[in-house]
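# Observations on chain architecture
Here is how the chains run, residue by residue.
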Amino acid sequence: MMDIGAYRRVLEEYVREALANSDGTASGIAEYLGSIKSPGRFSRYRLEKQTALREAIKAFGEHRHWPVKIIISHLGVEIDEFKQG
């Protein structure tokens, strides 16, 4: 069974990491997320990490014409830098 709290933490971590290490566009973020190695067999919260990574890649890839702020909101991730405007 999936731990929703762990999933949300990992999803936010992946999004923050992608924002920091990409050009900031939806396609750049999707590309960066795609380069992250999927967690291994003995990783803690493996299911949550795999699901979060897959969902983030899907969201940024499929909705690359949306503003990044909207995609992040759609994922349910709250990032302070995007709250102001």
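In the block above lies the structure referred to throughout.
Here goes a summary of the coordinates provided. (Residues numbered from 1 in each chain as written. Predicted model: local features only at pLDDT ≥ 70, side-chain atom pairs only at ≥ 80, totals over all residues. Heavy atoms only, no water.)

## Notes on the overall build of the protein
Inclusion rule: Per the convention used, a helix needs a DSSP run of H or I reaching at least four residues, while a strand needs a run of E reaching at least two, with both numbered from the N terminus. The globule rule used for comparison is 2.2 Å times the number of residues to the exponent 0.38, while the radius of gyration itself is calculated over C-alpha atoms. Whether a residue is buried, partly exposed or exposed follows from its accessible area with a 1.4 Å probe, protein chains only, as a fraction of its type maximum: under 20%, in between, or over 50%, in that order. We call two residues contacting when some pair of their heavy atoms lies within 4.5 Å. Areas reported as accessible are Shrake-Rupley estimates using a 1.4 Å probe. Residue values count occlusion only from the protein chains shown.
Across its full length, the protein carries five helices and zero strands. Ordered by position from N to C terminus, the α and β elements of the protein give α-α-α-α-α. A compact globule built from 85 residues should have a C-alpha radius of gyration of about 12 Å, and the protein, at 12 Å, falls within 12% of that. Within the protein, buried positions represent 36% of all 85 residues. Relative to all contacts within the protein whose residues are 6 or more apart in sequence, the contacts with residues 24 or more apart total 58%. Taken as a whole, the protein presents about 5,600 Å² of accessible surface, with 50% of it coming from carbon and sulfur.

## Topic: the nonpolar core
The test is simple: Here, nonpolar core means buried Ala, Val, Leu, Ile, Met, Phe, Trp, Tyr and Cys residues that are tied together by side-chain atoms lying within 4.5 Å of each other.
The biggest cluster of nonpolar side chains holds 24 residues, and the ones touching the most others in it are Leu11, Val15, Leu33, Phe60 and Ile72. Residue assignment for this core shows that the elements contributing at least two residues are helix 1 (4-21), helix 2 (26-35), helix 3 (46-62) and helix 4 (68-75). The dominant element in this core, judged by the number of residues it contributes, is helix 1, at seven residues. Among residues more than four places away in sequence, those in contact with Val15 are Phe60, Ile72, Leu75, Val77 and Ile79.

## Overview of the environment of Val68
Position of Val68 relative to the elements: it lies in helix 4. Relative accessible area serves as the criterion here: at 13%, Val68 is assigned to the buried category. Between the C-alpha atoms of Val68 and Leu47, which are 21 residues apart in sequence, the distance is 25 Å.

## Thoughts on helix 1
For the record, the criterion: To estimate the expected span of a helix, count its residues, drop one, and scale the result by 1.5 Å. Whenever two N or O atoms come within 3.5 Å, that pair is a polar contact, provided that in protein one can donate a hydrogen and the other can accept it, and provided that, for residues adjacent in sequence, both atoms are side-chain atoms.
An ideal rise of 1.5 Å per residue puts 26 Å on 18 residues; helix 1 measures up with 26 Å between its terminal C-alpha atoms. Along helix 1, the positions that sit buried rather than exposed are Ala6, Tyr7, Val10, Leu11, Tyr14, Val15, Ala18 and Leu19. Residue Asp3 occupies the N-cap position of helix 1, its side-chain oxygen lying 3.0 Å from the main-chain nitrogen of Gly5.

## Some points on the side chain of Thr51
Mapped onto the elements of the fold, Thr51 is located in helix 3. Since its relative accessible area comes to 10%, Thr51 is described here as buried. Setting aside its immediate chain neighbours within four residues, Thr51 contacts Met2 and Tyr7.

## Describing the packing of helix 1 against helix 2
The cut-off we apply is this: Angles run from 0 to 180 degrees between N-to-C directions of axes, and those axes are lines fitted to C-alpha atoms, restricted for helices to the stretch in contact. Note: crossing handedness is left-handed where the near helix turns anticlockwise from the far helix by less than a right angle, and right-handed where it turns clockwise. In this count, Pro and Cys sit with the nonpolar residues alongside Ala, Val, Leu, Ile, Met, Phe, Trp and Tyr, while Asp, Glu, Lys and Arg are called charged and the others, Gly among them, polar.
Two elements in contact, helix 1 and helix 2, have axes whose closest approach is 9 Å; the angle formed by their N-to-C orientations is 115°. Crossing handedness for the pair helix 1 and helix 2: right-handed. Listed contacts from helix 2 to Tyr14, Glu17, Ala18, Leu19 and Asn21 of helix 1 are Ile29, Tyr32 and Leu33. Residue composition of the contact of helix 1 with helix 2, grouped by class: six nonpolar, one polar and one charged.

Note that every value here comes from positions in space, so none of it alone points to a role or purpose.
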